[in-house]
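Fold and geometry: a report
Residue strings, one per chain:
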Amino acid sequence: MFDNKIKNICCIGAGYVGGPTMAVFANHCPYIKITVTDINESRINAWNDSDTSNLPIYEPGLDTLISLYRNKNLFFTTNIKESISNADLIFLSVNTPTKTKGIGAGKASDLKWIEASARQIAKFSKGHTIVVEKSTLPVRTAKTIENILSESQEIDNNEEKKTFSVLSNPEFLSEGNAINDLEKPDRVLIGGEDKYAMNSLVDLYLNWVPKEKIILTNIWSSELSKLTANAFLAQRISSINAISALCEATGADIKQVSKAIGMDSRIGNKFLFPGPGFGGSCFQKDILNLVYLCEYYNLHEVAAYWEEVVNINNWQKDRIFKLIVLKLFGTVFGKKLAIFGFSFKANTNDTRNSASIKICRNLIDEGAILSIYDPKVDNNQIEKDLNLSLNETSSREKMLWSRANSIQSAVEDCHAVIILTEWEEFKNISWTKLIKKMKRPAWIFDTRSVVDVLKAEQAGFNIWQIGNYTS
Ligand code: NAD
Ligand code: UDX
């Protein structure tokens, strides 16, 4: 099924959402020209790199889609003006991080990139344009976008008046599984008032999404549903992480507890994996945004309730860091530790808000020397995240951290292995071989429950595993 009303789509923002989402649209809407535009020139160059291993983001299956559709019906460009002026429909997929200064700093979303995009649309668009919020936004942002669009237009004398319809169509993809989530979404949510515009967007999705999965709501419900979905998901992780600490203290086993509660169909078995604390660019930001909204509407108890989800998450990172130090005889000063995994979850090169950043930085501040291995995260990113250049040395002229190219080279002379991301290759390690390269007593700290405890112990390791009393 193909809708011929929309012929040109522009997506502003070539990031983790814009790139994969438009690649899937290109796959299912072959007769639509899709242009993804961004102010970041090096990012656009990377999207256009003929070697798809150099794409700016790593996402399983993405390289195949890019090879198939790039420069056919999918284009990446920095020419924002032309992309906007040709478009019938524009997706706003720009970043909306937490504000770092000014009113609402630390909680409210920073909407400056959304506002800048809306002003560009007001300036360069032609005729009628459907503007779709893909970014996650606070409730009622659509009104702000509408105001900017209607009040900051610049129209040439011989140009017809510009008109706009603003819709909300939040994205629910999760990184590392983005293509699958986009191909087979649990639901597609479209909020708006203009039925014609909503139907145009519905028609696009009907090219691959079953009708019963497309939900139409008012615009505010759509915006709030996105924040709420992320808050509920994050709340489950904080709940299971909180119980993991109780398991460690009592002798219960978190895997058994997860299984037992997850088999209750009212609870369900997903998102019950304990870990070092949730990371990623969304959960913390979106909950804090929800907290800010509640405070704004004087719902202080509601705000406090949701804020606790973030507090427990920070506590989880902190308690893991402290217990590592404690188990290594109360000091990590001068000790070399191997870090397995730096991204915030497996199958992505994204490190935004990764628990690894906080845990690694705290260990370095305690005097540890880190040897970091991650299959997809590079030196530059780790330097930026730790805020420590690779050449930075301790008072004893030792490098504070280095990046290893393999599991084997990472553990050389280490006192412990700390598993922070659940990459597949960490699940089948030959611990017997690895321990030979390490100092004794050798420790494993497994924050992702990927290690076979018995095998690790047989190899001679001491092991601490999250939510497991055997430690
Ligand atoms: P990102 O930082 O990876 O990408 C955003 C891009 O927008 C950047 O490349 C930036 O240069 C570009 N940009 C900013 N202002 C611009 C402008 N005026 N003109 C052109 N380009 C501009 O962010 P992301 O992870 O793709 O997230 C985008 C939005 O989607 C956020 O609101 C986020 O909350 C939401 N979201 C993210 C995910 C996820 O898994 N990452 C999932 C669902 C929703
Ligand atoms: C999340 C939402 O899942 C997605 O719907 C939304 O669009 C964007 O935010 P994302 O952050 O990409 O997606 O990944 P997700 O799989 O949700 O994981 C987030 C964090 O929670 C990761 O650090 C992950 O390791 C952690 N997590 C997830 C757990 O610790 N335990 C779990 O059971 C699940």
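Residues numbered from 1 in each chain as written. Chains lettered and ligands numbered in written order. Predicted model: local features only at pLDDT ≥ 70, side-chain atom pairs only at ≥ 80, totals over all residues. Heavy atoms only, no water.

This next bit is on the sheet that holds strand β13 (residues 443-446). Spatially, six strands are ordered β11-β10-β9-β12-β13-β14 in an open sheet, and the strand pairing comes out parallel. Across the chains shown, the open sheet's two edge strands, defined by having one partner strand only, are β11 (401-403) and β14 (462-465). The average undirected angle you get between the axes of adjacent strands in this sheet is 15 degrees. Inspection of the sheet shows strand β9 (residues 336-340) paired to strand β12 (residues 416-419) by four bridges, in the parallel sense. Among the inter-strand pairings, Phe340 is bridged to a residue of β12, identified as Ile419. Here helix α12 (residues 300-327) sits on the sheet and contacts β12, β13 and β14; the angle it forms with β13, its principal contact strand, is near 165 degrees. (Pairing = 2+ DSSP bridges. Helix = DSSP H or I, 4+ residues; strand = E, 2+ residues; numbered from the N terminus. Axes fitted to C-alpha atoms, helices over the stretch in contact; angles between N-to-C directions. Contact = heavy atoms within 4.5 Å.)

A few words on the site of ligand 1. Close to ligand 1 lie 27 residues, the nearest being Asp38, Arg43, Thr96, Glu175 and Lys285. Between ligand 1 and the protein, one listed contact pairs a nitrogen atom with a backbone N or O atom of Ile39 at 3.4 Å. A distance of 2.9 Å separates an oxygen atom of ligand 1 from a polar side-chain atom of Arg352. Lining the shell around ligand 1 are residues from two domains, each supplying at least three of them: domain 1 (8-217) and domain 2 (251-471). (Near = heavy atom within 4 Å. Polar contact = N/O pair within 3.5 Å; in protein donor to acceptor, adjacent residues only side chain to side chain. Domains from an automatic or database assignment.)

This brings us to the pattern of salt bridges. Scanning all chains against the criterion turns up 17 salt bridges. A salt bridge links Lys322 to Asp318, with the nearest nitrogen and oxygen atoms 2.8 Å apart. Linking Lys322 with Asp318, this pair stays in helix α12, spanning four residues, or about one helical turn. Its relative accessible area of 27% is what places Asp318 among the partly exposed residues. A salt bridge links Arg352 to Asp350, with the nearest nitrogen and oxygen atoms 3.0 Å apart. For Arg352, a relative accessible area of 37% puts it in the partly exposed group. Under the relative-accessibility criterion, Asp350 is labelled buried at 2%. Salt bridges linked by common partners bring Lys107, Glu295 and Glu307 together as one network. (Salt bridge = Lys/Arg side-chain N within 4 Å of Asp/Glu carboxyl O. Buried < 20%, exposed > 50% of the residue type's maximum accessible area, 1.4 Å probe, protein only.)

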